[in-house]
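So you can see what is in the structure, the chains are spelled out below.
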Amino acid sequence: MSASPPTFTMGASPRRGCFASLAAAAPALTLAATALVCAAAVAAAAGPPSRRVFTDVTDAAGLAAPPGLKYGGPVVADLNADGVYDLVLPQHHLDPTAVFWGRPSGVYTRGADLFPFNLDVHGVAVGDVDLDGDADVVVSIGGAMGVAPTAPVLLRNVNGMAFVNASAKAGFGGRGGRGRSPRFIDLNGDGRLDLVVLHYRVMRRPGPRQHVYENRGRGTFVPRYGTGLEGGIGEQLLLTDMDGDGRTDIVSFPFFRLYRQVGPFRFVDNTNTRLGNAATLFWRLFPTSWVVELDVERDGLPDLYVVCMNKPDVLLRNVGGRYVDGTVAAGLGGGSAASTGATAGDFDNDGHVDLLVFRGAPRGRPAAKRLADVLYWNLGNGTFAAATNHGASPPAGVVAAGGAVSDAGQAFDADGDGRLDVLVGYGDRHVAARAGRWRLYRNILPVASRGRGNWLTVRVLRSWPRTASAAGATVTVVAGGVTHVRRVGPAGASNHQGQLSLVHFGLGSAAVAEVVSVRWSDGFTSKRRRGVAAGRMLTIGR
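Remember, predicted model here, so these are calculated numbers, not experimental data.

Draft legend 1. Representation of the overall build of the protein in the model. Along its length, the protein carries six helices and 35 strands. Residue pairs at least 24 apart in sequence account for 56% of intrachain contacts in the protein once pairs closer than 6 positions are excluded. Only carbon and sulfur atoms are counted for the fraction: they give 55% of the accessible area of the protein, which is about 20,500 Å².

Draft legend 2. A look at the packing of aromatic side chains. Per the stated rule, a full pass over the model turns up nine aromatic pairs. Each ring, one from F172 and one from Y213, has its centre 4.8 Å from the other, and the planes form 65°; the classification is edge-to-face. Taken together, the positions of F172 in the loop between α3 (167-170) and β10 (179-185) and Y213 in strand β12 (residues 211-217) put the pair 41 residues apart, joining distant regions of the chain. Of the residues examined, F172 reaches a relative accessible area of 1% and is grouped as buried. Note on F282 and W283: the rings are 5.3 Å apart at their centroids and 85° apart in plane angle, and the pair reads as edge-to-face. For F282, a relative accessible area of 18% gives the class buried. When its relative accessible area of 56% is taken as the criterion, W283 is described as exposed. Each residue in the set F255, F282, W283 and F286 is aromatic and connected to the rest through ring pairs, giving one cluster. Across from the ring centre of F265, 4.2 Å away, lies the NZ or CZ of R224, which sits over that ring.

Draft legend 3. Expanded view of the sheet that holds strand β32 (residues 502-508). A sheet is described by the order of its strands in space; here three strands give the open sequence β32-β29-β35, paired in mixed fashion. In this open sheet, the two edge strands, each paired with only one partner strand, are β32 and β35 (537-540). Averaged over all adjacent pairs, the angle separating strand axes in this sheet is 25°, with direction ignored. In the sheet, strand β29 (residues 454-460) pairs with β35 via four bridges, with the strands oriented parallel. By the bridge assignment for β35, V460 is matched with I540.

Draft legend 4. Representation of the pattern of salt bridges within the structure. All told, the structure shown has 18 salt bridges when counted by the stated rule. Put simply, R439 and D56 hold a salt bridge, and the shortest N to O gap is 3.0 Å. Of the two residues, R439 sits in strand β28 (residues 435-443) while D56 sits in strand β1 (residues 54-56), which places them 383 residues apart along the sequence. Its salt-bridge partner being R317, residue E297 comes within 3.5 Å of it at the nearest N-O pair. Of this pair, E297 sits in the loop between β18 (290-294) and β19 (303-307) while R317 is found in strand β20 (residues 314-319), placing the two residues 20 residues apart along the sequence. Note on R317: relative accessible area 15%, which makes it buried. Within this structure, D243, D245, R260 and R274 form a network of salt bridges that share partners.

Draft legend 5. Main features of the sheet that holds β18. Taking strand neighbours across the sheet as the criterion, the four strands line up as β18-β19-β20-β21 in an open arrangement whose pairing is antiparallel. Across the chains shown, the open sheet's two edge strands, defined by having one partner strand only, are β18 and β21 (322-325). On average, each strand axis in the sheet is inclined to that of its neighbour by 25°, with strand direction left out of account.

Draft legend 6. The arrangement of the environment of N443 in detail. Mapped onto the fold, N443 is located in strand β28. By relative accessible area, which is 1% here, N443 ends up buried. In this structure the C-alpha to C-alpha distance between N443 and V422, which are 21 residues apart in sequence, comes to 7.8 Å. In this structure N443 touches V53, F54, F347, D417, R419, L420 and D421, once residues within four positions along its chain are discounted. One polar contact links the side chain of N443 to the main-chain carbonyl oxygen of F347, over a distance of 3.0 Å. In terms of polar contacts, N443 uses its side chain to reach the backbone carbonyl oxygen of L420, at 3.0 Å.

Draft legend 7. View of the pairing of β29. Counting buried positions over the seven residues of β29 gives seven, a clear majority of the element. One ladder, built from six bridges, connects β29 with β32; its direction is antiparallel. The residue bridging N454 from the neighbouring strand is G508, located in β32.

Draft legend 8. Representation of unusual backbone geometry within the structure. Residue F253 is joined to P254 through a cis peptide bond whose omega torsion reads 20°. In this chain, F286 is followed by P287 through a cis amide linkage whose omega measures -5°. By the element assignment, P287 lies in the loop between α5 (278-284) and β18. You will see that R218, though not glycine, has its phi angle at about 60°, which is positive. On the accessibility criterion, R218 (73% relative accessible area) is exposed. Residue N349 is not a glycine yet carries a positive backbone phi of 55°. With respect to the helices and strands, the residue N349 is situated in the loop between β22 (339-345) and β23 (354-359). A residue is classified by how much of its surface remains accessible, and N349, at 4% relative accessible area, is buried.

What counts and how
- Residues numbered from 1 in each chain as written.
- Predicted model: local features only at pLDDT ≥ 70, side-chain atom pairs only at ≥ 80, totals over all residues.
- Heavy atoms only, no water.
- Helix = DSSP H or I, 4+ residues; strand = E, 2+ residues; numbered from the N terminus.
- Contact = heavy atoms within 4.5 Å.
- Areas by Shrake-Rupley, 256 points an atom, 1.4 Å probe, with all protein chains shown as cover.
- Phe/Tyr/Trp six-rings, centres within 6.5 Å; stacked < 30°, edge-to-face > 60°.
- Buried < 20%, exposed > 50% of the residue type's maximum accessible area, 1.4 Å probe, protein only.
- Lys NZ or Arg CZ within 6 Å of the ring centre and 35° of its normal.
- Pairing = 2+ DSSP bridges.
- Axes fitted to C-alpha atoms, helices over the stretch in contact; angles between N-to-C directions.
- Salt bridge = Lys/Arg side-chain N within 4 Å of Asp/Glu carboxyl O.
- Polar contact = N/O pair within 3.5 Å; in protein donor to acceptor, adjacent residues only side chain to side chain.

Structure follows, in structure tokens:
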């Protein structure tokens with residue numbers, strides 16, 4: 001039996017109204033068929049928001065800098081714990097890694113570069129290693145094309161004002177590699193940030209390809225072995241929690257693998273058991289270059305948007321801890337092609353997380369023929385609607401000159417107004433003639449009005465009594481009867497790890513959050529805050 005999409009009035013719950021209408025009009029329809037018809041009906045009724053979202057404020061924000069190479073997007077974190085995001089901007093090997101300190105107005109001041117000379121910077125991770133409240137930085141170095149294996153560099157943050165090289169004390173010496181991606185992660189639940197470093201390939205010296213270090217406190221680390229990660233073939237990674245057990249799992253790529261944490265410093269490769277139709281999906285997902293964690297339908301299980309370079313991207317829906325291909329069902333068609341990165345956030349504060357996908361030029365086409373970046377609006381029914389008129393695009397002249405090849409970007413609230421902005425890095429990773437600039441796009445959508453577009457920011461500090469860093473903490477907000485869960489970390493990842501500890505929530509029409517709580521990596525959970533008004537920043541922790 002077939003049925004035409006029903007006509008109904010858009011209200012607080014259009015999908016529920018659709019189900020009721022179809023139950024009466026077409027009782028023979030199966031539940032699955034009803035769901036498909038209603039999804040199409042809601043999408044058609046809602047439609048994509050046809051409005052400009054962003055405007056370029058790069059120069060006004062003080063981010064003017066000459067074009068350079070890019071490598072893995074920007075690193076965004078509150079480095080000096082003042083409640084404002086700062087920036088670390090990696091630019092591979094021909095340009096310095098710049099540091100910009102943020103001010104509440106959304107204006108940035110350039111500080112001293114991360115290093116006084118150029119290094120082959122491939123990966124940057126940010127986290128409070130010594131639990132003093134300031135964010136420290138670890139940098140993964142390329143290793144001179146494999147000729148000179150290089151250990152990671154630990155830069156300790158001194159009172160939120162400067163970085164000093166603390167590598168000698170850290171204990172990384174003697175274990176080098178062709179570095180790619182470092183990650184701070186609490187692997188034994190003691191609240192201290194341990195370290196995982198992925199490398200490009202096995203080096204010309206004995207030892208495992210991948211390195212794991214345990215944080216013993218006071219900025220010192222010791223190697224750990226037998227973790228299940230040492231022989232992995234990944235170069236980049238995303239941290240997630242596949243099954244909601246409270247342990248941090250790892251997605252590694254470009255050879256897409258799923259590692260489940262089963263105990264302290266112990267992982268098991270669960271790719272075949274957790275990837276539905278694993279053989280087919282594995283080849284669809286190779287080579288993966290970027291992964292974003294998001295909860296499409298707010299069911300508490302993180303889904304994954306996977307960028308597959310010159311192949312169509314894939315949306316992996318998390319169904320009970322297993323992933324299935326939900327790309328077509330989500331209205332993403334065959335997935336975006338020629339993508340270089342993606343970021344997620346609730347750009348219109350309607351309570352549903354959207355996607356912004358960065359794209360380059362398909363293989364064989366010049367840089368000046370790059371494809372437009374796509375903003376996928378989450379329609380709240382498990383589907384998305386595409387828009388390219390969002391405004392987060394470089395000037396036409398820059399595109400024509402070939403300096404607008406997207407690398408990647410991050411969504412974050414740069415000026416504290418409750419609306420998510422976007423910082424994008426343009427430029428090739430290797431070809432100097434295709435270098436590009438960093439560009440900051442400010443969100444100009446109307447602020448909350450007429451009971452819609454409300455928001456809440458939860459600033460996560462250390463757990464009491466200073467036993468766990470904010471990195472990896474999960475924030476739960478219940479508003480309007482809907483539960484939202486976010487993890488402190490970057491809004492999409494490849495080589496780098498930022499820390500979005502000012503966690504943004506769009507609340508839609510909810511003017512009050514009924515409950516707000518934070519759970520840190522050591523298992524400590526904050527006191528539940530109740531009746532929290534929207535339109536503010538709430539600080540939790542010490």
